[in-house]
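Each chain, letter by letter, is given below.
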Amino acid sequence: MIRGKERFITQLYMTTDFLFLQLAFILAWYLRFVVNPEEQGSYLPMSDYFTWHIIYAVSFLAIGFLIHLYIPKRKMKFAKEVSKVIQVQIYSMFVLLSVLFLMKTIDISRMFLVIYLLTGFFIIVTYRFFVKQFLRGMRKKGFNQQFVLILGAGSIGKRYIENLENHPEYGLQVIGFLDDYKQENRKQKILGKIADLPTILENKIIDEVVIALPLTVFSKYDKIISICEKAGVRVAIVPDFYDVLPATPHFERFGDLPVINVRDIPLDEYVNRMLKRLFDIVFALCAIIITSPLLIAIAIGVKLTSPGPILFKQERVGLNRRSFFMYKFRSMKDMPTTASDTQWTVENDPRRTKFGTFIRKTSLDEFPQFFNVLKGDMSIVGPRPERPYFVDQFKEEIPKYMIKHHVRPGITGWAQVCGLRGDTSIEDRIEHDIQYIENWTLLFDIRIIFKTIVNGFVNKNAY
């Protein structure tokens, strides 16, 4: 059992991270200066590099502690943990570079820093992944359990139980319910009424009390929390209005008042936006350079198979509902722009060219959008942008449709890699888009790009 040992676990994680950073330093040194040696005397001695490494390692632990990298991770998604590791690395490297600048040290190998950063990331993420998988496996077998008491056996408590059954890796075991009105059944073991809480906490081992009561009994919350804190037991509240909250609610302070941000978006944070934008620019540049021969070949194919411009531009709605022109290779006969702004493409559309049908089916017509990414109109990954005419139509018909415009639209997205392309449900697409927006991490972007490549570019629903 690890119950009550959270402080020890935090210290253990910090110690382990520090030790693995030493391994990363040794490996980076070996790769940079042993595998690829320079002339003797052309680089600083290992002792100097080790000094800078210690500064980075201490910064890593301090910043990791401040941004809660070392809090108990029983309910934390691994992608969130990876995102925090990336943030800690960026901040720590900034601290190190600032120290090097102040000390006027310019002889340190930039290649070493890159190798050191990548090696440290790979080692720390890998060992954390295996630790997390090991702990999840142990919890599924009944080890390292935490015991939960639920106040309220109504619909909210029932929903909590359903979620718990879907996540046995959390290692949470419900010992029973307290409810003033419900009777015990096979799934709900009623231990007593709400007034029995002090007695239950005194006589049973309980790690957390979950308040799953309706707002009609909100007046009891203060007394319940006071009783739990007096007994040294953690308290969690499942709000009666959970169905209108996002996946990860965000609390802010307005003066002395805590305020729930109903739509918390990770990309609202400056560091996340900067990280995603940097990734977009690097990826788009590499994609344009690598595919340049293909881009030229497609451009020639478009020009030779039908008269008109090579590129087709169309107004779309992007970040913060701002309009922009999205580029594609032209796949249809040249026609007035207004016609395509208000019409869907249909099967056997007479406007298509034979070459256009091919590049639409293979999604090759989308490649010019890498230039939209460089301009800042689009991202590599994000919700697909729509035409203003249809945006005005869908925002009246589909709840939460406009949430997709809180982030930059993408060339590919979570909905697309899940098969929601072409003539598919708009409601399902929006559901997937919101899931992506609320759970964004750089690792999620990489996963979507990987699935896009693995699944191929063929669009079976394209006309």
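Bear in mind the structure is a predicted one, so any value in this text is a computation, not a measurement.

Peer 1: Would you mind showing me how to read the side chain of lysine 404 here?
Peer 2: Along the chain, lysine 404 turns up in the loop between helix 12 (388-397) and strand 11 (410-412). Within the buried core, lysine 404 has no salt-bridge partner, and the shortest N-O distance to an opposite charge, that of aspartate 433, equals 4.4 Å. Looking at lysine 404, its side chain comes within polar contact range of the main-chain oxygen of arginine 384, at 2.6 Å. Each residue touching lysine 404, except ones within four places of it in the same chain, is listed here: Pro383, Arg384, Ile430, Asp433 and Ile437.

Peer 1: Looking at this structure, I do not really get the sheet that holds strand 3 (residues 190-192). What am I missing?
Peer 2: Adjacent strands of a sheet form backbone hydrogen bonds with each other and so pair up, either parallel or antiparallel. If you walk across this open sheet you meet the 5 strands as 3-2-1-4-5, and the pairing is parallel. Strands at the two margins of the open sheet, each flanked by one partner only, are strand 3 and strand 5 (234-237). Adjacent strand axes in the sheet meet at a mean angle of 35 degrees, parallel and antiparallel pairs treated alike. Of the pairings in the sheet, the one linking strand 2 (residues 172-178) to strand 3 comprises 2 bridges and is parallel in character. In the sheet register, phenylalanine 177 faces strand 3, and the bridge partner there is isoleucine 190. Across the face of the sheet, helix 5 (residues 155-166) comes into contact with strand 1 (146-151), strand 2 and strand 4 (208-211) while running at roughly 165 degrees to strand 2.

Peer 1: Looking at this model, I keep getting lost on the pairing of strand 8 (residues 311-317). Mind explaining?
Peer 2: Along any regular strand the residues' side chains alternate between the sheet's two faces. In this sheet, strand 9 (residues 323-329) lies alongside strand 8 in antiparallel orientation, the contact comprising 7 bridges. Counterpart to lysine 313 in the pairing with strand 9 is tyrosine 327. Counting the residues in the hairpin turn of strand 8 and strand 9 gives 5 residues, including asparagine 320, whose phi is positive at 55 degrees.

Criteria and cut-off values
- Residues numbered from 1 in each chain as written.
- Predicted model: local features only at pLDDT ≥ 70, side-chain atom pairs only at ≥ 80, totals over all residues.
- Heavy atoms only, no water.
- Helix = DSSP H or I, 4+ residues; strand = E, 2+ residues; numbered from the N terminus.
- Buried < 20%, exposed > 50% of the residue type's maximum accessible area, 1.4 Å probe, protein only.
- Lys, Arg positive; Asp, Glu negative; His and termini not counted.
- Salt bridge = Lys/Arg side-chain N within 4 Å of Asp/Glu carboxyl O.
- Polar contact = N/O pair within 3.5 Å; in protein donor to acceptor, adjacent residues only side chain to side chain.
- Contact = heavy atoms within 4.5 Å.
- Pairing = 2+ DSSP bridges.
- Axes fitted to C-alpha atoms, helices over the stretch in contact; angles between N-to-C directions.

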